[in-house]
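# Notes for the structure review
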Amino acid sequence: MMNRISDTDLILNADGTAYHLNLLPEDVADTIIFVGDQDRVPAVSKYFDEVELRKGKREFITHTGRIGHKRLTVISTGIGTDNIDIVLNELDALVNIDLSTRTVKPDLKSLNIIRIGTSGTVQADIPVDSLLVSEAAFGLDPLLHYYDYPATAEELELLKAFKAVLPETFKGQPYIASASSRLIGSLDADIQTGITITTPGFYSPQGRQVRAKSAIPDLLTAITEFRHHGKRITNLEMETAGIYGLAAALGHQAISFNVLLANRITNTFSRQPAAIMDRYIKTVLERIAAV
Ligand SMILES: O=P(O)(O)O[C@H]1O[C@H](CO)[C@@H](O)[C@H]1O
Ligand SMILES: O=c1cc[nH]c(=O)[nH]1
């Protein structure tokens, strides 16, 4: 007898759709593009040859369609890893749980998840308006501590080295997760790679000083100066570590492309963020359509 997942562990709407995403299993393609901003969903799907479905609820807007024969879904996650928890668990339920019996299917599907997000670099020599793939990500948010996620020995060594340089005033507990080696191999080719930091906020958690006083004034310097066997931290954003960790915990493949709109060291910001995002949406879609 298979374990039945209860009505409050996995909540479905009256029409059978997933509680937050408002989607049915057939609404979701096997390759899914994650974006933060709801307005980026049509900015991606306008390049589809056909859009078969447009649905949404709250910040979670979904378009599904195809480029050539490749079926694609693009979904907005909103900001932060708390939303990643919702999006990844509900997408996984849609493909890997039989919603009529509320039991896990015997053959599990592994989705390809490709984030296209904005980010700020923390290295002076990395240009604003460039594209970067996150090889791995440190999460300064707590999401992965709620899941049984087995990090590799190599990841744990990198994490240990990072923890050692964090200021004493930092009270969090970082975690680490990596991109899918299969997707990195097939999609990133000549694009620069780096280590990303996922933060639980945009201002002080990313070392910004506006009016509220930081409790960790030297956080950005520690991040920028971190080096380990030739690796360095390249950029800050708010979702990648959660996506990588939870995707790995659920058996999905994930890769995160960062459109670097800000350089936090030279204090420069893109003069044409929408045009730059559009350029890289096309770059990433061309690569997805080709594999
Ligand atoms: O542009 P998106 O995909 O939202 O990503 C980045 O932008 C938001 C902050 O402005 C955060 O979600 C951060 O990760
Ligand atoms: O600096 C930045 C730019 C975009 N998104 C972030 O999270 N940080």
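The residue numbers shown here count from 1 along each chain, following its written sequence. Lettering for chains starts from A, numbering for ligands starts from 1, and both go in the order in which the items are written. Thresholds applied to this predicted model are a pLDDT of at least 70 for local features of residues and 80 or more for the giving and counting of side-chain atom pairs; totals over whole chains, interfaces and linings are not thresholded and use all residues.

Going by an unreviewed UniProt entry, the protein carries the name Uridine phosphorylase and comes from Mucilaginibacter straminoryzae. Comment text from UniProt for the protein, heading Catalytic activity (unreviewed entry), reads "uridine + phosphate = alpha-D-ribose 1-phosphate + uracil". UniProt positions are given in the numbering used here, feature names are shortened, and annotations may be inferred rather than shown by experiment.

## Observations concerning the site of ligand 2
What surrounds ligand 2 is the set Thr-118, Ser-119, Gly-120, Phe-202, Gln-206, Leu-236, Glu-237, Met-238, Leu-261 and Ala-262. By definition, any uninterrupted DSSP run of H or I lasting at least four residues is a helix, any uninterrupted run of E lasting at least two residues is a strand, and each is numbered from the N terminus. Elements with a minimum of two residues in the shell around ligand 2: strand E7 (112–121), strand E12 (231–237) and strand E13 (253–263). A per-element tally of the shell around ligand 2 places E7 first, with three residues. For the shell around ligand 2, a count of residues per class yields five nonpolar, four polar and one charged. Only the C-beta atom, placed from the backbone, is used; a residue is near a molecule or strand if that atom lies within 6 Å of it. Each residue is assigned to one of three groups, with Ala, Val, Leu, Ile, Met, Phe, Trp, Tyr, Cys and Pro labelled nonpolar, Asp, Glu, Lys and Arg labelled charged, and all others, Gly among them, labelled polar.

## Side note on the site of ligand 1
In the vicinity of ligand 1, the contacting residues are Val-35, Gly-36, Asp-37, Ile-79, Gly-117, Thr-118, Phe-202, Glu-237, Met-238 and Glu-239. Grouping the amino acids of the shell around ligand 1 by side-chain chemistry returns four nonpolar, three polar and three charged.

## Looking at the environment of Leu-140
For Leu-140, the position within the fold is in the loop between strand E8 (131–139) and helix H3 (153–165). Each C-alpha atom, one on Leu-140 and one on Thr-198, is 6.0 Å from the other, the two residues being 58 residues apart in sequence. A pair of residues counts as a contact when their C-beta atoms, built from backbone coordinates, are within 7 Å of each other. Once residues within four sequence positions are removed from consideration, Leu-140 is found in contact with Gly-172, Pro-174, Ile-197, Thr-198, Thr-199, Pro-200 and Pro-205.

## As for the environment of Gln-173
Position of Gln-173 among the secondary structure elements: in the loop between H3 and strand E9 (175–178). Taking the C-alpha atoms as reference points, Gln-173 and Gly-139, separated by 34 residues in sequence, lie 8.5 Å from one another.

## Concerning the nonpolar core
Any set of buried Ala, Val, Leu, Ile, Met, Phe, Trp, Tyr and Cys residues joined through C-beta atoms within 7 Å is what this text calls a nonpolar core. With C-beta atoms placed from the backbone, a residue is labelled by how many other C-beta atoms lie within 10 Å of its own: buried for 20 or more, exposed for 12 or fewer, partly exposed between the two. Counting residues in hydrophobic clusters, the biggest one holds 69 residues, and the most contacted among them are Ile-32, Ile-33, Ala-177, Ile-243, Tyr-244 and Ala-247. In this structure, Tyr-244 is in contact with Ala-137, Ala-177, Ser-178, Ala-179 and Ala-254, ignoring residues within four places of it in sequence.

## Things to note about the pairing of strand E2 (residues 50–57)
The pairing of E2 with strand E3 (residues 60–67) spans seven bridges and is classified as antiparallel. What sits directly across from Glu-50, in E3, is Arg-66. Remark: two residues form the turn of the hairpin made by E2 and E3, two consecutive strands paired antiparallel; Arg-58 in that turn has positive phi of roughly 50 degrees. Strand pairing requires that DSSP identify at least two bridges connecting the strands.

## Details of helix H6 (residues 240–250)
Taken across its eleven residues, H6 has ten buried, putting it largely inside the fold. Every buried residue of H6 is listed here: Thr-240, Ala-241, Gly-242, Ile-243, Tyr-244, Gly-245, Leu-246, Ala-247, Ala-248 and Leu-250. Residue Gly-251 follows H6 closely and has a positive phi angle near 85 degrees.

## Quick notes on unusual backbone geometry
Unusually for a residue other than glycine, Asn-22 sits at a positive phi of about 65 degrees. With respect to the element layout, Asn-22 can be found in the segment before strand E1 (31–35). Phi is positive for Arg-58, close to 50 degrees, though the residue is something other than glycine. Among the structural elements, Arg-58 can be located in the loop between E2 and E3. Residue classification places Arg-58 among the partly exposed positions, given that 13 C-beta atoms sit within 10 Å.

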